[in-house]
Amino acid sequence: MKFFLVPSLLFMSFMVSAQNWVTNFEEAKTLAKNQDKTILLVFSGSDWCAPCIKLDRNVWKTKEFQRFAEKHFVLYKADFPRKKKNKLPEQVLNTNKLLAEQYNVKGYFPLVVLLDANGTVLAETGYRQEKTAVYLSHLESLLK
């Protein structure tokens, strides 16, 4: 019994804390259309950009954000890590570069872009040194 219980609990805890970040931008657009949601596109430097790391830790990884996002967003992170150990697959990196050329021409990190299902920009924001609830209120105000 213990043999089955421990892996089951570990799997369940992973599922609860897992984020639903889509790894294919075209899939994100399709999901946004089918679910009538907004795409939350985040440009991040996950291993070198201090505000990006703070935004990830203080907002994106919180249960409060995950519950909010489940109702409102399809999530896509265009990450640009610099360390070799965090290197992305070539296809993902190329997609992220194309997205940056279209939505982040000034190269801001972090940049949070809200898009409709067709890829039209609705709003932009970035890191704000606020508690999760305040940041979520800010995102919600951008949706209106």
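For the structure itself, consult the block above.
Values in this document were obtained by computation on a predicted structure and should not be read as measured data.

Before we go on, may I ask you to explain the side chain of K37 in this structure?
The topology assignment puts K37 in the loop between helix 2 (25-35) and strand 2 (38-44). Here K37 is buried and forms no salt bridge, its nearest opposite-charge partner E70 lying at an N-O distance of 6.8 Å. Of the polar contacts made by the side chain of K37, one reaches the side chain of Q35; its length is 3.2 Å. A polar side-chain atom of K37 sits 2.6 Å from the main-chain carbonyl oxygen of E70. Setting aside residues up to four positions removed in sequence, K37 forms contacts with A32, E70, K71, H72, F73 and V74.

Teacher, can you tell me more about the pattern of salt bridges here?
A side chain of one charge can pair with a side chain of the opposite charge when the charged atoms of the two come close. This model, assessed by the stated rule, comprises four salt bridges. Its salt-bridge partner being K61, residue D56 comes within 3.4 Å of it at the nearest N-O pair. Using a relative accessible area of 17% as the deciding quantity, one classes D56 as buried. By relative accessible area, which is 52% here, K61 ends up exposed. Of the charged contacts, one joins R128 and E130 as a salt bridge, the two residues approaching to 3.0 Å between their closest N and O atoms. For R128, a relative accessible area of 31% puts it in the partly exposed group. Using a relative accessible area of 26% as the deciding quantity, one classes E130 as partly exposed. Each of the salt bridges in this network shares a partner with another, and the network as a whole consists of D56, K61 and K77.

Rules used throughout
- Residues numbered from 1 in each chain as written.
- Predicted model: local features only at pLDDT ≥ 70, side-chain atom pairs only at ≥ 80, totals over all residues.
- Heavy atoms only, no water.
- Helix = DSSP H or I, 4+ residues; strand = E, 2+ residues; numbered from the N terminus.
- Buried < 20%, exposed > 50% of the residue type's maximum accessible area, 1.4 Å probe, protein only.
- Lys, Arg positive; Asp, Glu negative; His and termini not counted.
- Salt bridge = Lys/Arg side-chain N within 4 Å of Asp/Glu carboxyl O.
- Polar contact = N/O pair within 3.5 Å; in protein donor to acceptor, adjacent residues only side chain to side chain.
- Contact = heavy atoms within 4.5 Å.

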